[in-house]
Amino acid sequence: MDRTERERQAAQRRYLGWGLAFEPTMPGVDLARDIVFDDGPNGRALALVEGTGNVAQSLAVALTTLRGSNVFDATFGFDGLNALAEQIEPNLIREQVRIGIITLLDRDPRVRKIVDVNLDDGRLGAGRADDAAAAALRSSRTLQVQVQFETITDDRLSVRLGELPSV
């Protein structure tokens with residue numbers, strides 16, 4: 001590892017932080033996460049994530065947490081989940097979800113620039129190569145969400161949520 005790479009990793013640790021590692025309990029479905037332990041020379045210890053991994057994990061947890069549900073931080077979480085329970089037009093629900101994602105990313109000081117917010121329910125992109133996958137997505141009434149952004153350390157990250165039901 002050369003000096004430039006070491007400096008880049010040190011900047012990521014310093015500016016993007018670290019936290020406890022949380023793994024999805026059911027991979028592919030963002031229902032719950034659990035802490036992770038690592039085996040080390042002194043026994044088991046809590047696993048940590050740092051740098052870009054910490055940012056991606058933090059945003060994935062925030063995007064799957066209902067805003068206001070954390071009694072210790074009522075501003076934490078994703079407000080777009082409330083839109084899923086409202087009886088409004090599906091297009092308006094998708095826009096509220098998109099605005100909720102952008103608002104959440106905008107509040108994180110580690111995010112410098114939002115590159116793309118992609119919401120796919122299988123209705124767009126007719127004629128694409130994976131029409132069978134799009135048809136399955138349409139019939140399942142789920143919304144796949146993928147967010148790309150740049151961090152303050154010039155790293156480009158992509159966070160993909162599992163599935164949001166019935167949009």
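On a predicted model such as this, the values are computed, not experimentally measured, just so you know. (Residues numbered from 1 in each chain as written. Predicted model: local features only at pLDDT ≥ 70, side-chain atom pairs only at ≥ 80, totals over all residues. Heavy atoms only, no water.)

Of regular secondary structure, the protein chain possesses five helices and nine strands. For the protein chain, with 167 residues in total, the buried portion stands at 32%. Long-range pairs, those at least 24 residues apart, make up 52% of the contacts in the protein chain with a sequence separation of at least 6. When the accessible surface of the protein chain is split by element, carbon and sulfur atoms take 52% of a total near 10,300 Å². (Helix = DSSP H or I, 4+ residues; strand = E, 2+ residues; numbered from the N terminus. Buried < 20%, exposed > 50% of the residue type's maximum accessible area, 1.4 Å probe, protein only. Contact = heavy atoms within 4.5 Å. Areas by Shrake-Rupley, 256 points an atom, 1.4 Å probe, with all protein chains shown as cover.)

Quick look at the pairing of strand E4 (residues 37-40) now. Pairing geometry for E4 and strand E5 (residues 43-46), over four bridges, is antiparallel. The residue bridging Asp-39 from the neighbouring strand is Arg-44, located in E5. Linking E4 back to E5 in an antiparallel pair, the connection comprises two residues. (Pairing = 2+ DSSP bridges.)

Right, let's get into helix H1 (residues 3-16). The end-to-end C-alpha separation of H1 is 19 Å, in line with the 20 Å expected for 14 residues at 1.5 Å each. Where H1 is concerned, the buried positions are Ala-11, Gln-12 and Leu-16. For H1, the arc enclosing every buried residue in end-on projection is 105°, short of the 170-degree limit, so these residues lie on one face. Facing away from the buried side of H1 by over 90 degrees, the exposed positions are Arg-3 and Arg-14. Looking one or two residues past H1, Gly-17 carries a phi angle of roughly 75°, positive in sign. (Expected span 1.5 Å × (residues − 1). Arc of directions from axis to C-beta.)

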